[in-house]
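# A closer look at the structure
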Amino acid sequence: MKPFGSLRTHGAGTLRPSDDGTDVVLAGWVARRRDHGGVAFLDLRDASGSVQVVADAGEGEADEVLAAAHGVRSEWVVSVRGRVRTRPEGMANPALATGEVEVAASELEVLSVAQTPPFPIEGRVEADEHLRLAHRYLDLRRPGVGEAIRTRARITSVMREVMERNGFLDVETPMLTRSTPEGARDFLVPSRLQRGEFYALPQSPQLFKQLLMVAGLERYYQIVRCFRDEDLRADRQPEFTQLDIEASFITAEDLYGLVEELIVELWSEVLDVELSAPFARMTYAEAMARYGTDAPDCRFDLRLVDLGEVFRGTEVGIFRGALDAGGSVVGWRLPGGGELTRKQFDDWVEFAKRRGAKGLAWGVVEAGEGGGAPTLRSPLAKFMADDEVTALLAATGAGVGDALFFGAGPTRSTQQLMGALRVAAAKAHGFVPEDRWAFTWVLEAPLVEWNDDEGRWDPVHHPFTSPTEDSLATLEQAPGAALAQAYDLVLNGTELGGGSIRIHRRDVQERVFALLGIGEAEAREKFGFLLDGLSYGAPPHGGIAFGLDRIAMLMAGAGSLRDVIAFPKTQSGQDPLTGAPAAVDDAQLREVGLRRLPPS
RNA sequence: GGACCUGUGGAGCAGCCUGGAGUGCUCACCUCCCUGUCAAGGAGGAGGUCGCGGGUUCAAAUCCCGUCAGGUCCGCCA
């Protein structure tokens, strides 16, 4: 493919034996120089790849090129005129796409010299991340790093293709909007024209996309930046990108179909992986019970087992106490875990304690004496009746040589602890196949959950999520049992996206607000514009939003969102390249009506 | 807000536990040599606030306290 721009005729990485004899002009960076005195090799790199350029001793021009080649250094930008030739017998390099050819240079022009880079561009060693981010333009020049950014571009391109093909309209929504109280902390932007008041950067275009449905656009999508002022993680940045989707006159099933079409095409086009759809589905309750999380990693089985029945009449104190208090005993089997040392078991107990658990019990299944029934070697064994051990082994499927872990306590936190253990221990012991793509829908999350600190019901998703038809009847009587018409798509233990069918009826919205303790005045103050909109003939509608960065991270095989964002922030929310965030001068503050507080 | 890991010439590491001269390795950089390399090779050279501050000690990269920065996680966040 001919490169864009008239300063060169070919991309360095595109040359093949079929180009033998072609006169070319290349331009790019000097990746490496191998200087033998009488002959010198330059690896010339551009966005298409790299190719070997040869400067040979000879007559006239050639000697000038060789002299110039002696002087160039890594990362200088050069232009080379020359002729493609197949390499001499035995000199091909099968490790390179261009390894069968080379370019015999007849002219070598230095377009730009370069300082020695602060870390190697071509080396395989990982440089310190802070240093990489401070010189991100050099970091992105490194082939592997830049590749993730290219993969991301391919992903957004396929997303747009699929959405456009399905008749969705790309509509932009405001970046400067108003702060709404739900969810995460807002980033605030002071207003100069309305001194003392603030815009907020959107956490998502949620309310706007619903209003676009009221407006009759029917099918909306946007690849849109969102902002949340919360602490960072490997998979959380303060600004991130969503593929945001909303449609009218649809059911959840319609969305599953669309999303599966999109995901299948993404994996096919970008990774050349053929997924099979429809994806697996499970309920939220199943996810919590079997995997201890709402984002289960289904690449491996090894599920959690509820042991409430097994230990119904137990003498084991910690199990007794948990069950009597209405909590749970949850077990998990580690195949072959009998090999673990005491130290390793202690480490997992420590792992549990670091997560706030009181403890973690464990046992090892051993062969019974004289071929008798298997027994459990465990600090708890002496409190366990024989029939409990038998039932335990049956319930968990544990056999001789396996280890069992037990968590006991309040149901939710115990499931979560065991879920975290399941993932960490399975990873540590090689039970997670890294090459699998395990998609699953998690459906029917609760509509609300009890917030003990504040003494109220909080929405699990957001306050505009529709309850299921069945839940509507008993919404006020049993709020905790109400299910939402909500759905999350999970891949390998990471939530890729989630959404819901929205409430489009005023009376239902009022009942949900009442349940959440949001009075009419408060609702009007906070979401008045949405409620107004919904009162003018809102179609049934619903949508979903995907974390583009997370999708790109998983597809690129990256370990962090930072790897798929061109200019990311560090864990403390700083950008080492620009130095953001930074102080502003008093005049700027005065203009927007702000005054600096003394440092606290 | 909290836990843990890391910080040593330009880069990546070792040294730290058990204190004793800035000691070592690989790469990069500079000079020279070299006509088939591809992580070229050879000879020579330059380059250090051991993140920063304080303490203990005759003596601190090493032990202690604090702090800053980076990372992973919990809380927070859908």
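Residues numbered from 1 in each chain as written. Chains lettered and ligands numbered in written order. Predicted model: local features only at pLDDT ≥ 70, side-chain atom pairs only at ≥ 80, totals over all residues. Heavy atoms only, no water.

Time to look at the overall build of chain A. Counting its regular elements, chain A contains 16 helices and 22 strands. Expressed as a percentage of the 600 residues in chain A, the buried residues total 46%. Pairs at least 24 residues apart make up 66% of the contacts formed inside chain A by residues separated by at least 6 positions. Summed over all atoms, the accessible surface of chain A reaches about 29900 Å², with 51% contributed by carbon and sulfur. Distance between charge centroids for chain A: 4 Å, based on 64 positive and 89 negative side chains. (Helix = DSSP H or I, 4+ residues; strand = E, 2+ residues; numbered from the N terminus. Buried < 20%, exposed > 50% of the residue type's maximum accessible area, 1.4 Å probe, protein only. Contact = heavy atoms within 4.5 Å. Areas by Shrake-Rupley, 256 points an atom, 1.4 Å probe, with all protein chains shown as cover. Lys, Arg positive; Asp, Glu negative; His and termini not counted. Charge placed at Lys NZ, Arg CZ, Asp CG, Glu CD.)

With an omega of 0°, the peptide bond running from Ala277 to Pro278 counts as cis. Here Ala580 and Pro581 are connected by a cis peptide whose omega angle stands at -5°. When you line up the elements, Pro581 lands in the loop between α15 (548-555) and α16 (586-591). In the Ramachandran plot, Glu218 falls in the positive-phi region, its phi being about 70° despite a non-glycine side chain.

Position of Gly167 relative to the elements: it lies in the loop between α4 (143-165) and β6 (169-170). The class for Gly167 is partly exposed, based on a relative accessible area of 35%. With 146 residues separating them in the primary sequence, Gly167 and Gly21 have C-alpha atoms 49 Å apart.

Taken together, 46 residues sit near RNA strand B, with Arg32, Met91, Glu102, Arg124 and Asp231 positioned nearest. Of what RNA strand B places within 4 Å of the protein, 50% of the atoms are sugar or phosphate. At 3.1 Å from a base oxygen of RNA strand B is found a side-chain nitrogen or oxygen belonging to Arg85. Contact distances for RNA strand B include 2.6 Å between a base nitrogen and a side-chain N or O atom of Asp231. (Near = heavy atom within 4 Å. Polar contact = N/O pair within 3.5 Å; in protein donor to acceptor, adjacent residues only side chain to side chain.)

Along strand β13 (residues 328-334), six of the seven residues are buried, which leaves the element largely enclosed by surrounding structure. Where strand β12 (residues 305-306) lies against β13, two bridges are found, and the strand directions are antiparallel. Looking at the pairing, Val305 lines up with Gly331 of β13. As judged from the seven bridges shared by β13 and strand β16 (residues 403-409), these two strands associate in the antiparallel manner. In the strand pairing of β16, Leu334 is matched with Ala403. (Pairing = 2+ DSSP bridges.)

In contact at an axis separation of 7 Å, helix α7 (residues 284-291) and helix α11 (residues 411-428) are set at 60° when each is read in the N-to-C sense. The residues of α11 that touch α7, namely those facing Tyr284, Met288, Ala289, Arg290 and Tyr291, are Arg412, Gln415, Gln416, Gly419 and Arg422. (Axes fitted to C-alpha atoms, helices over the stretch in contact; angles between N-to-C directions.)

Moving on, we come to helix α8 (residues 317-324). Those residues of α8 lying buried are Phe319, Ala322 and Leu323. One face of α8 carries all of its buried residues, which in axial projection span an arc of 95°. Structurally, α8 contributes buried residues whose contacts are with β13 and β16. In the segment just after α8, Gly326 is the residue with positive phi, at about 85°. (Arc of directions from axis to C-beta.)

Reading around the barrel, the five strands line up as β1-β2-β3-β5-β4 and close back on themselves, with mixed pairing between neighbours. Geometrically, the sheet is characterised by an average inter-axis angle of 55° between neighbouring strands, direction not taken into account. Taken together, the eight bridges between strand β2 (residues 39-46) and strand β3 (residues 49-56) define a ladder with antiparallel strand orientation. Within the sheet, the bridge partner assigned to Leu44 lies in β3 and is Val51. On the sheet, helix α1 (residues 61-71) packs against β1 (23-35), β2, β3 and β5 (101-112) and is oriented at approximately 65° with respect to β5.

This part covers the sheet that holds β6. Across the sheet, which stays open at both edges, the eight strands sit in the order β6-β9-β10-β22-β21-β20-β17-β11 with mixed pairing between neighbours. Each edge of the open sheet is held by one strand with a lone partner, namely β6 and β11 (280-283). With nine bridges joining them, strand β9 (residues 219-227) and strand β10 (residues 239-248) adopt antiparallel strand pairing. From the neighbouring strand, Tyr221 faces β10, where its bridge partner is Ile245. Across the sheet, helix α5 (residues 206-214) touches β9, β10 and β22 (541-547), and the angle it forms with β10 is around 25°. Lying over the sheet, α7 contacts β11 and β17 (439-443), oriented at roughly 90° with respect to β11.

This part is about the pattern of salt bridges. Going through the model one piece at a time under the given rule, you end up with 47 salt bridges. A salt bridge links Glu75 to Arg45; the nearest nitrogen and oxygen atoms lie 2.7 Å apart. Within this pair, whereas Glu75 is found in the loop between α1 and β4 (77-86), its partner Arg45 is found in strand β2, the two being separated by 30 residues in sequence. A single burial state applies to Glu75 and to Arg45, both of which are buried. When salt bridges that share partners are traced, they join Arg32, Arg45, Glu75, Glu122 and Arg141 into one network. (Salt bridge = Lys/Arg side-chain N within 4 Å of Asp/Glu carboxyl O.)

Here chain A is partitioned into domain 1 (12-112), domain 2 (129-273 + 539-594) and domain 3 (300-431). Summarising the inter-unit geometry, the C-alpha centres of domain 2 and domain 3 are found 41 Å apart. (Domains from an automatic or database assignment.)

On to the side chain of Gln203. For Gln203, the position within the fold is in the loop between β8 (198-200) and α5. Of note is the side chain of Gln203, whose polar atom sits 2.7 Å from the side chain of Asp186.

Within β9, seven of the nine residues are buried, which leaves the element mostly enclosed by the surrounding structure. By the bridge criterion, two bridges tie β6 to β9 in an arrangement that is parallel. Pairing of Asp170 across the sheet is with Tyr221, part of β9.

Counting along an α-helix, one turn takes 3.6 residues, and residues three or four places apart therefore face a common direction. Looking only at α1, the buried set comprises Val65, Leu66 and Ala69. Burial along α1 is one-sided: seen end-on, the buried residues are contained in an arc of 100°. Packing partners of the buried residues in α1 comprise β1, β2, β3 and β5.

So, on to the side chain of Gln509. Here Gln509 shows up in helix α13 (residues 506-515). Taking relative accessible area as the criterion, Gln509 reaches 3% and is therefore assigned buried. Other than its neighbours up to four places away in sequence, Gln509 contacts Pro463, Phe464, Ile503, Leu531 and Leu534.

Using the criterion set out here, one finds 17 aromatic pairs in the structure. Between Trp267 and Trp437, the aromatic rings sit 5.4 Å apart at their centres with planes inclined by 80°, giving edge-to-face as the arrangement. Taken together, the residues Trp267 in helix α6 (residues 252-271) and Trp437 in the loop between α11 and β17 connect sequence positions 170 residues apart. Under the relative-accessibility criterion, Trp267 is labelled buried at 0%. In this structure Trp437 comes out as partly exposed when scored by relative accessible area, which is 28%. With 4.7 Å between their ring centres and 55° between their planes, Phe311 and Phe319 make a pair best called tilted. Relative accessible area serves as the criterion here: at 0%, Phe311 is assigned to the buried category. Grouped by ring-pair contacts, the aromatic residues Trp267, Phe279, Trp437 and Phe439 constitute a single cluster. Between the NZ or CZ atom of Arg422 and the centre of the ring of Phe300, over which it lies, the distance is 4.0 Å. (Phe/Tyr/Trp six-rings, centres within 6.5 Å; stacked < 30°, edge-to-face > 60°. Lys NZ or Arg CZ within 6 Å of the ring centre and 35° of its normal.)

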